[in-house]
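For reference, the chains in residue letters:
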Amino acid sequence: MKTGRFPSGQRGQTVNLLAYAFEGSNPSLPIIIRIFPDFFLLRFFLLTFPSFFFRILRMFFDNGLSFECQKCSACCRHEPGAVFLRKGEAGKIASFLNMDVRDFFRAFCRILWSGDGDRVSLREKSNYDCIFWQDGGCRIYPVRPVQCSAYPFWPHIVESLTTWNEEALRCPGIGKGRVFSSDEITDRLEMMKGDFSDGTEF
């Protein structure tokens, strides 16, 4: 089973609903996308009325969603991907590893073009495992990036029952364990809105 990370998999780019504006008149897309098929008009709408955007998104998960990590590591391994760091995360991880942040950047990071600019991403091993996956787990788990800790509550995954069920085919933890409330899910969506690091601070 594929568990690709970029652009649509678990360890992939932090994809948001704007990406779906390019898919045309797909009837399975949220009504907000069908009303605003023009990418720039949609972008203006979401940036101008963010609270309305989140109310629309919350219609699906108002009753909460179940998730419990099964420690399968599928979201950390096996296929090419990218874990994009937000500003401040490199310093936090470097401190956890007792490293100078510049040494951390040189040893564990790379610059990738994301479509709207350069972004700092963690490197991956030659077999496509995350650079920090070892001995069956994450070496930096307590300070892992927001992209990792917020999963699977990413905008493009929780936008509808269809996308949630599609992700469940990749992640055996979806649909199991405790129910995350709509407020908890919204908190994770807010976490994902942080500014990405472009490497200039190094």
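The model shown is predicted, which means the values in this text are computed figures rather than measured ones.

Parameters and conventions
All chains use their own residue numbering, which begins from 1 and follows the written sequence. Reporting in this predicted model follows two pLDDT cut-offs: at least 70 for local features of residues, and 80 or more for side-chain atom pairs to be given and counted; totals over whole chains, interfaces and linings ignore these cut-offs and use all residues. Calculation of side-chain values draws on the structure's entire complement of heavy atoms; hydrogens and water are dropped beforehand. Labels follow the DSSP assignment, with helices taken as runs of H or I lasting at least four residues and strands as runs of E lasting at least two, numbered in each case from the N terminus. Any two residues having at least one pair of non-hydrogen atoms within 4.5 Å are treated as being in contact. We get accessible surface area from the Shrake-Rupley algorithm with a probe of 1.4 Å; when it comes to residues, only the shown protein chains can shield them. The predictor reports its confidence for every residue as pLDDT, a score running from 0 up to 100. Type-normalised accessible area, obtained with a 1.4 Å probe on protein chains alone, sets the label of each residue: buried when under 20%, exposed when over 50%, and partly exposed for intermediate values. Side-chain atoms alone can form a polar contact between residues adjacent in sequence; in general such a contact is a pair of N or O atoms within 3.5 Å, and within protein one must be able to donate a hydrogen while the other accepts it. Any Lys or Arg side-chain nitrogen located within 4 Å of an Asp or Glu carboxyl oxygen qualifies as a salt bridge. Only when DSSP finds a minimum of two bridges between them are two strands counted as paired.

Novice: Got a minute to help me understand the overall build of the chain in this structure?
Specialist: The helix and strand inventory of the chain stands at nine helices and six strands. Restricting the contact set of the chain to residue pairs at least 6 apart, pairs at least 24 apart contribute 71%. Surface summary for the chain: the accessible area is close to 10800 Å², and the carbon and sulfur share equals 55%.

Novice: I tried to follow the confidence of the model for the chain on my own but got confused; where do I start?
Specialist: Low-pLDDT stretches of the model should not have their predicted coordinates read in fine detail. For the chain, per-residue confidence averages 78 on the pLDDT scale, and residues scoring 70 or more make up 70% of the total. Between the elements of the chain, mean pLDDT differs from a low of 42, seen in helix α1 (residues 31-35), to a high of 97, seen in helix α4 (residues 89-96). Confidence over residues 13-37 falls short of pLDDT 50; this stretch has 49 contacts with residues more than four positions distant or in other chains.

Novice: Help me understand the side chain of serine 121 in this model?
Specialist: Mapped onto the fold, serine 121 is located in strand β3 (residues 118-122). Taking the relative accessible area as the measure of exposure, serine 121 reaches 0% and is therefore buried. One polar contact links the side chain of serine 121 to the main-chain amide nitrogen of valine 83, over a distance of 3.3 Å.

Novice: In this structure, what is going on with the pattern of salt bridges? I would like to understand it.
Specialist: Where charged atoms of side chains with opposite charge meet at close range, the side chains can pair. In total, this model carries six salt bridges according to the counting rule given. Residue aspartate 129 is joined to arginine 77 by a salt bridge in which the shortest nitrogen-to-oxygen separation is 3.2 Å. Here aspartate 129 is found in the loop between β3 and β4 (133-134), whereas its partner arginine 77 is found in the loop between β1 (65-67) and α4, with 52 residues between them in sequence. Using a relative accessible area of 3% as the deciding quantity, one classes aspartate 129 as buried. Of the charged contacts in the structure, one is a salt bridge between arginine 170 and glutamate 167, with a shortest N-O distance of 2.9 Å. Given the relative accessible area of 25%, arginine 170 is considered partly exposed. Taking the relative accessible area as the measure of exposure, glutamate 167 reaches 2% and is therefore buried.

Novice: Sorry if this is basic, but what is going on with unusual backbone geometry here?
Specialist: A negative phi angle is the norm for most residues apart from glycine, just as the trans form is the norm for most peptide bonds. At the junction of tyrosine 151 and proline 152, the peptide bond is cis and its omega measures out at 5° in the coordinates. With respect to the helices and strands, the residue proline 152 is situated in the loop between α6 (146-150) and α7 (155-158). Positive phi values are uncommon outside glycine, yet serine 73 reaches one of about 65°. With respect to the helices and strands, the residue serine 73 is situated in the loop between β1 and α4. Classification of serine 73 by relative accessible area gives buried; the value is 11%.

Novice: Just to check I follow, could you spell out the pairing of β3 for this structure?
Specialist: Regular strands place side chains that alternate from one sheet face to the opposite one. In terms of burial, β3 is largely enclosed, as four of its five residues are buried. Where strand β2 (residues 109-113) meets β3, five bridges bridge the pair, whose relative direction is antiparallel. What sits directly across from leucine 112, in β3, is arginine 119.

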